[in-house]
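If you want the building blocks of each chain, they are given just below.
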Amino acid sequence: MTIKVWDYLEEYTEMRDEILAAVDGVFSSGWLILGEQVRELEREFASYCALETPGVGVNSGTDALFLGLKALGVGPGDEVITVPNTAVPTVSAITSTGATARFVDIEPQHYLMDPAALENAITPRTRAILPVHLYGQCVDMDAVNAVADRHGLSVLEDCAQCTGARYKGAPAGTAGDVGAWSFYPTKVLGAYGDGGMITAADETLTARARKLRMYGMDGRYYADEHGYNSRLDEVQAAILRVKLKRLDDWVERRTALAARYGELFADTALTLPSEREGNLHSWYLYVVRHPARDALLDGLRSRDILVNVSYPWPIHTMEAYLGLGYGEGDFPVAEKAATEILSLPMYPGLTETQQDAVVEAVRAVLKEIEAG
């Protein structure tokens, strides 16, 4: 039995009739781009985030980051502080604005931005802080915002992995100035293609982002400023509206699976993930840690357990970003974690039988590793 780190087929089987009806509704409507489905999703998703201002549906999570930064006025000559243990799109979006990414290290337990490292990273060129809510839970936003307020910086939250999470009782993505969301298929709320959303309480920011996603135009064939083409598709918006109704149930299921993993691995040599105080974890990924990670990966793959590493290379060590001036050893916590972490299968359709098979395989490989 091959078990993937993520699979949507059981979900689709369960929701097939609703999804096909939603798609047919779009095709039968006579309107395919930026129509009712996008508008309603923008309103419904913002409401889920406890925001009155509708979100801005865009082409991808990467574009949500990029256009969110642009809406905040980030551009050439600016610096944006983020972390090196993130997906490439976080830094790609910063670079695409013309700004420069600057990094700080992470907290060792939760792999989240270490706010205590921010002060030393700030320069006269710093314009924004971009915390990444990794694996399904939030950075210490009170501490991040305190630094941002002292230095007059904007805060854009990378919410690609934390849909459904909460920070001190409030929905994730609402503590900073802007939230940037991804609807990539693997996400907690995933489309059946690409998609993203920008959210903000400030209508000025969402209005700017809305204009930027459509060539810098405000509804007329007249561009007030240079803009882009980044529109969430009506079909994907319709599918996401169907799936949004199940989001809390899916987070609950992920939480149950995470708790069960924790119980079944409690007596092993794995370092298990934990929920940061004040957070409600949405468990996008279940990330464990072991010093013999690569041997564990090989052993699991030989048993048809297809796991993943998010992420094996910190951004500052990648060839594309060597020009930022960092090198190995600059962020030791993130670098060490990258050699030891792996993500076990985690998605609502994962059955307990499948989860038991994963646990059995992990235990068997760990036993082999310990035996030498």
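Structure: see above.
Note that the coordinates shown come from a computational prediction; the quantities given were computed from them, not determined experimentally.

J.: Please explain the overall build of the protein as it appears in this structure.
T.: A count of helical and extended segments in the protein gives twelve helices and 14 strands. Over its C-alpha trace the protein gives a radius of gyration of 21 Å, about what one expects of a compact globule, namely 21 Å for 372 residues. Dimensions of the protein, computed from the C-alpha atoms along their principal axes, are close to 70 × 55 × 35 Å. The long-range share in the protein, meaning contacts at least 24 apart out of those at least 6 apart in sequence, stands at 71%. Element-wise, carbon and sulfur atoms account for 50% of the exposed surface of the protein, whose accessible area totals about 15700 Å².

J.: Please explain a nonpolar patch on the surface as it appears in this structure.
T.: On the surface, Phe27, Leu32 and Ile33 cluster together into a nonpolar patch covering about 310 Å² of accessible area. If you trace the backbone, Leu32 turns up in the loop between helix H1 (9–29) and helix H2 (36–48). Leu32 sits in the partly exposed class, given a relative accessible area of 48%.

J.: Can you walk me through the packing of helix H9 (residues 247–264) against helix H12 (residues 352–371) in this structure?
T.: For any two helices packed against each other, one specifies the crossing angle of their axes together with the interaxial distance. Here H9 crosses H12 at 35°, and the two axes come no closer than 11 Å. Relative to H12, the crossing made by H9 is right-handed. On H12, the residues touching Arg253, Leu257, Arg260, Tyr261 and Leu264 of H9 are Glu352, Gln355, Asp356, Val358, Val359 and Arg363. Of the residues that constitute the contact of H9 with H12, the class distribution is five nonpolar, one polar and five charged.

J.: Just checking my understanding: could you explain the sheet that holds strand E6 (residues 154–158) for this structure?
T.: Pairing is mixed in the open sheet, where seven strands are placed in the order E2-E10-E9-E6-E5-E3-E4. Either end of the sheet is taken by a strand with one partner, and the two such strands are strand E2 (56–58) and strand E4 (100–103). Each strand axis lies, on average, 25° off the axis of its neighbour in the sheet, ignoring direction. Where strand E9 (residues 178–182) and strand E10 (residues 196–199) come together, four bridges link them in antiparallel fashion. Counterpart to Gly179 in the pairing with E10 is Thr199. Packing of helix H6 (residues 141–151) onto the sheet brings it into contact with strand E5 (126–129) and E6, and relative to E6 it is tilted by some 150°.

Thresholds applied
- Residues numbered from 1 in each chain as written.
- Predicted model: local features only at pLDDT ≥ 70, side-chain atom pairs only at ≥ 80, totals over all residues.
- Heavy atoms only, no water.
- Helix = DSSP H or I, 4+ residues; strand = E, 2+ residues; numbered from the N terminus.
- Rg over C-alpha atoms; globule rule 2.2 N^0.38 Å.
- Contact = heavy atoms within 4.5 Å.
- Areas by Shrake-Rupley, 256 points an atom, 1.4 Å probe, with all protein chains shown as cover.
- Patch = residues over 30% accessible without salt bridge, like charges linked within 9 Å, V, L, I, M, F, W, Y side chains within 5 Å.
- Salt bridge = Lys/Arg side-chain N within 4 Å of Asp/Glu carboxyl O.
- Buried < 20%, exposed > 50% of the residue type's maximum accessible area, 1.4 Å probe, protein only.
- Axes fitted to C-alpha atoms, helices over the stretch in contact; angles between N-to-C directions.
- Left-handed = near helix turned anticlockwise from the far one by under 90°.
- Nonpolar A, V, L, I, M, F, W, Y, C, P; charged D, E, K, R; others polar.
- Pairing = 2+ DSSP bridges.

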